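The lines below spell out each chain.
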Amino acid sequence: MNSCLESAETKVTNAYVARVIEETKAKNANEPEFLQTVEEVLTTLAPVIDKHPEYEKIALLERLVEPERIISFRVPWLNDKGETIVNRGYRIQFSGAIGPYKGGLRFHPSVNQSIMKFLAFEQIFKNSLTSLPIGGGKGGSDFDPKGKSDNEIMRFCQSFMTELCKHIGHNLDVPAGDIGVGGREIGYLFGQYRRIRNTYEAGVLTGKGLEYGGSLARPEATGYGLMYYMREMLKANEMTLQGKTAIISGSGNVAIYACQKAQAYGVKVLAMSDSNGCIYDENGIDLDAVRQIKEVNRGRIREYLESHPSARYTENVKGETPAVYTIKADLILPCATQNDINLETAKLLTANGAIAVGEGANMPCTNEAEAYFLENNVLVAPAKAANAGGVSVSALEMSQNSMRYSWTFEEVDQKLDSIMVNIFKACKDAADEYGYGKNYIAGANIAGFLKVAKAMVSQGII
Ligand code: NDP
């Protein structure tokens, strides 16, 4: 295999790109995650901008990195002890150039404006890659759902939606789930929206329950889509999933369905994790046991040992490589959170013989880690493309809501599979055309950008 990294020399070759990166850094100095993704995306766009010098006159990149709107609001709610708690809510409506803003809601104590902006910025390109008409947005709160009762979750969701409902709508902005927001939370959010707006606007949220407008295969979509993309990427490099080993970070929605599909393709999944630590099962992870712990009991992954005493549990140590990444495997599937894999971890995984990384989570690798993988011929399935299955089926959920009709599981899954095939092809074709070889990260950024840029040009200076 040739070295995949051919982007290094394009780093500063385009003066316009370099200037916008510097200006963005100066304007947003306290937003490291946002700057990280802007730098990654704009750097890889340099050869495209070389071909389109006219973009500079219309400040296309300056407009691209400035959100159309940032909404930040107070979320007061009462806990079970009757105490008043105040959280902060966000909705970033980053780009509506190709359709209504679309992107998930994250409830996690780490949520801040930088994380919201990075997620919303990435969502622009991801949504463009799906070939469906959706713009980029993201939202959430620094609320921590862990350890909260059902009633507390409901009261929080109701308070959050009481403000958010003023800013969303099925033709305006359509949120979905993300970390800490699953079917239960979407249900409470939808109920409050319906009550306040006094209308049954099913397409205002996606990830809904089947009884009230949800789509079959939406829970599975991100994890399944990731494995469809991995299948295509390996195929293009004359490999298959069958017989490979894998490690998966996380044990939430994306991780669980990535594991299920990986196993269906004959991959042996050796380890999964949560934020506390990882389980290693040399016989292959028993996914039913993980699902019982995570989806039903809402427990911790170490409880796996209770039913599988021969497995091993390793606790994470703060500041050290997450335990899951110390296990040798062919396929590395980070499905937890951003910046999970830094340069040091990338070196360890590469030395341990990793063949490919499939980014189920958003921005799970630092820019240095991604560059190291590519330089060392480890294939990278970039998040913007590889985890786009979730938002794709969300868009299919919106279509079904508009048609007041629903497709079967097989129909949705089939559409998802072809969308992922097309996304991989778009990444590969763009990488080939712009001289990026096997750098599908650059391919995804370019393919996603081109459509948005054309739409921005057509719509004038707005
Ligand atoms: P879930 O809330 O269902 O699961 C999150 C998992 O990641 C949990 O196992 C959680 O462990 C772990 N995790 C969260 N934060 C951290 C952290 N700081 N350090 C270590 N582990 C952590 O979320 P999802 O599965 O929905 O999302 C996972 C990733 O996939 C996110 O990056 C999300 O943005 C991305 N994604 C999700 C999509 C979707 O459709 N849901 C679509 C596209 C991308 P613990 O329980 O200990 O917190």
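Chains are numbered independently. Their residues run from 1 in the order of the written sequence. Only residues with pLDDT of at least 70 get local features here, since the model is predicted, and only at 80 or more are side-chain atom pairs given and counted; chain-wide, interface and lining totals rely on the full set of residues. The side-chain figures draw on all heavy atoms in the structure; neither hydrogens nor water molecules are used.

**Here's the deal with the domain arrangement of the protein chain**
Residue ranges labeled as domains rest on an automatic or database domain assignment. Partitioning the protein chain into domains gives domain 1 (69-201) and domain 2 (222-386). Placing a centre on the C-alpha atoms of domain 1 and another on those of domain 2 gives a separation of 27 Å. Only heavy atoms enter the contact rule, under which two residues are in contact if any of them lie within 4.5 Å. Facing the 13 residues of domain 1 at the interface are 11 residues of domain 2. Summed over both partners, buried area is the accessible surface (1.4 Å probe) that two parts give up on being assembled. Broken down residue by residue, the surface that domain 1 buries against domain 2 is led by F118, E122 and K126, which jointly contribute 45%. We count a salt bridge whenever a side-chain nitrogen from Lys or Arg sits within 4 Å of a carboxyl oxygen from Asp or Glu. In this structure, the connection of domain 1 to domain 2 is made through one salt bridge. A salt bridge links K384 to E122; the shortest N-O distance between them is 3.6 Å. Strands here are runs of E lasting at least two residues and helices are runs of H or I lasting at least four, both read from the DSSP assignment and numbered beginning at the N terminus. Residue contributions to the side of domain 1 that touches domain 2 peak at seven residues, all from helix α5 (residues 113-129).

**Side note on the pairing of strand β1 (residues 69-78)**
Paired strands, in this sense, are two strands between which DSSP finds at least two bridges. Looking at chain direction, β1 and strand β2 (residues 84-95) are connected through 10 bridges and run antiparallel. Across the sheet, L78 pairs through a bridge with T84, a residue of β2. Hairpin geometry of β1 and β2 is characterised by an intervening segment of five residues between the two adjacent antiparallel strands and by a positive phi of about 85 degrees at G82.

**Description of the sheet that holds β1**
If you walk across this open sheet you meet the five strands as β1-β2-β4-β3-β5, and the pairing is mixed. Both edges of this open sheet fall to β1 and β5 (173-176), since each of them pairs with a single strand only. Neighbouring strand axes in the sheet, compared pairwise and without regard to direction, differ in orientation by 20 degrees on average. Of the strand pairs in this sheet, strand β3 (residues 101-107) and strand β4 (residues 135-141) are connected by five bridges, and their pairing is parallel. By the bridge assignment, R106 is partnered in β4 with G140. Only the contacting stretch of a helix is used when fitting its axis, a line to C-alpha atoms as for every element, and angles between N-to-C directions run 0 to 180 degrees.

**Examining the site of the ligand**
Here a residue is considered near a molecule or strand provided that any single heavy atom belonging to it is located within 4 Å of it. For the ligand, the set of nearby residues contains 25 residues, the closest of which are D178, T222, S275, R300 and N362. Interatomic distance of 2.9 Å between a backbone N/O atom of N253 and an oxygen atom of the ligand. One of the side-chain nitrogen or oxygen atoms of N362 is found 2.8 Å away from an oxygen atom of the ligand. The method behind every accessible area is Shrake-Rupley, applied with a 1.4 Å probe, and residues are considered shielded solely by the protein chains displayed. Notes on the ligand: free accessible area 890 Å², of which the protein chains cover 83%. Throughout, the ten residues Ala, Val, Leu, Ile, Met, Phe, Trp, Tyr, Cys and Pro are labelled nonpolar, Asp, Glu, Lys and Arg are labelled charged, and all others, Gly among them, are labelled polar. A breakdown of the residues in the shell around the ligand according to their chemical character gives five nonpolar, 13 polar and seven charged. Any N or O atom pair separated by 3.5 Å or less is treated as a polar contact, with the protein-specific requirement of one donor-capable and one acceptor-capable atom, and with residues adjacent in sequence counted only for side-chain atom pairs.

**Considerations on the sheet that holds strand β12 (residues 379-381)**
In space, the seven strands of this open sheet follow the order β9-β8-β7-β6-β10-β11-β12, with mixed pairing throughout. Strand pairing shows two members of the sheet lacking a second neighbour, β9 (312-315) and β12, which therefore form its edges. Neighbour to neighbour, the strand axes of the sheet diverge by 20 degrees on average, direction disregarded. Here two bridges tie strand β10 (residues 331-334) to strand β11 (residues 356-358), and the two strands are oriented parallel to one another. Along β11, the bridge assignment pairs I332 with V357.

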